[in-house]
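# Tertiary structure, described
Here's the letter readout for the chains.
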Amino acid sequence: MELQAHPQRILLPAKGSFIALTLALGLLFNLLPWGGIAGVPDLTATVLAFWCIHQPRRVGIGIAWTLGLLLDVGNGSLLGQHAFGYSILAFLAFAVHRRILWFPPWQQALHLLLLLLSTQLLTLVIRIAAGGDFPGWAYFAGSFICAALWPTLSFLLLLPQRQAETVDENRVI
């Protein structure tokens, strides 16, 4: 068996304030007045999926539901539309979080793409069932953009948790 050249480092625990800040920034990004621009990435869903994968005991379905309701109220969309979609996203991310963490970031992005597309499809079905119009196929472009941003976003969100590079020779670990 061959050893890795650069073994993974043990991460520090994520601070609750940092998690809340990143989720709030993602929500604020989605609340900007984008109008009818197709392909705008859903950063709230992406950051939510990230924390559901990396910190499943701290971020879950309740937080997803709350973020979805805030987004529904802020955008004036059908109440519960994003809340239901984000709750399903959190559930699916929790269901596969151990599997996803085994893969390198670009393969994690493919898993995330499937999660985000299923969330968007569910939200779209709810919108159409309530009498809304089909927004066109460009509606799904945001999921592809988020998947392309995943390796960079993942690196940035894990940056505060990385331990220092200096090695203490007196420590056992």
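Below, the structure is looked at part by part. Owing to the predicted nature of the structure, the values given are computational and were not obtained by experimental measurement.

### Quick notes on empty space enclosed by the protein
Inspection of every chain in the model, using the stated rule, returns 1 cavity of 30 Å³ or more. When its volume is computed, the largest cavity comes out at roughly 50 Å³. Around the largest cavity, the lining residues are Asp-42, Ala-45, Leu-116, Thr-119, Gln-120, Gly-142, Ser-143 and Cys-146. Of the residues in the lining of the largest cavity, the class split is 3 nonpolar, 4 polar and 1 charged.

### Re the nonpolar core
The biggest cluster of nonpolar side chains holds 32 residues, and the ones touching the most others in it are Leu-23, Leu-48, Trp-51, Tyr-86 and Leu-89. Put simply, the parts of the chain that give this core at least two residues each are helix 1 (16–31), helix 2 (43–54), helix 3 (61–75), helix 4 (81–100), helix 5 (105–129) and helix 6 (141–158). A total of 8 residues in this core trace back to one element, the largest contributor, which is helix 2. Look past the residues within four positions of Leu-48 in its chain and what remains in contact with it is Leu-23, Val-59, Ala-64, Leu-67, Tyr-86 and Leu-89.

### Focus on the packing of aromatic side chains
Under the definition given, this model contains 7 aromatic pairs. Ring geometry for Phe-134 and Trp-137: centres 5.2 Å apart, planes at 70°, overall edge-to-face. For Phe-134, a relative accessible area of 38% gives the class partly exposed. Using a relative accessible area of 69% as the deciding quantity, one classes Trp-137 as exposed. Taking 5.3 Å as the distance between ring centres and 75° as the angle between the ring planes, the aromatic pair formed by Tyr-139 and Phe-140 counts as edge-to-face.

### Considerations on the layout of surface pockets
To locate leftover empty space, one rolls a probe as large as a water molecule over the atoms. Of the pockets and cavities examined, the second largest pocket occupies roughly 670 Å³. When residues of the lining of the second largest pocket are traced back to their parent elements, those giving at least two are helix 1, helix 3, helix 4 and helix 5. Looking at which element gives the most residues to the lining of the second largest pocket, the answer is helix 5, with 4 residues. For the lining of the second largest pocket, a count of residues per class yields 13 nonpolar, 11 polar and 2 charged.

### Focus on helix 5
Along its 25 residues, helix 5 runs 36 Å from first to last C-alpha, staying within 8% of the 36 Å computed at 1.5 Å per residue. Within helix 5, burial applies to Gln-108, Ala-109, Leu-112, Leu-113, Leu-115, Leu-116, Thr-119, Gln-120, Thr-123 and Leu-124. Buried residues in helix 5 make contact with helix 2, helix 4 and helix 6. Remark: Gly-131 follows helix 5 within two positions and exhibits a positive phi of approximately 105°.

Each value, and the rule that gives it
Residues numbered from 1 in each chain as written. Predicted model: local features only at pLDDT ≥ 70, side-chain atom pairs only at ≥ 80, totals over all residues. Heavy atoms only, no water. 1 Å grid on protein atoms, 1.4 Å probe; cavity = no way out; pocket = protein on both sides within 12 Å on 5 of 7 lines; lining within 4 Å. Points joined across faces, edges and corners; volume = space filled by probe spheres on them. Nonpolar A, V, L, I, M, F, W, Y, C, P; charged D, E, K, R; others polar. Core = buried A, V, L, I, M, F, W, Y, C linked by side-chain atoms within 4.5 Å. Buried < 20%, exposed > 50% of the residue type's maximum accessible area, 1.4 Å probe, protein only. Helix = DSSP H or I, 4+ residues; strand = E, 2+ residues; numbered from the N terminus. Contact = heavy atoms within 4.5 Å. Phe/Tyr/Trp six-rings, centres within 6.5 Å; stacked < 30°, edge-to-face > 60°. Expected span 1.5 Å × (residues − 1).

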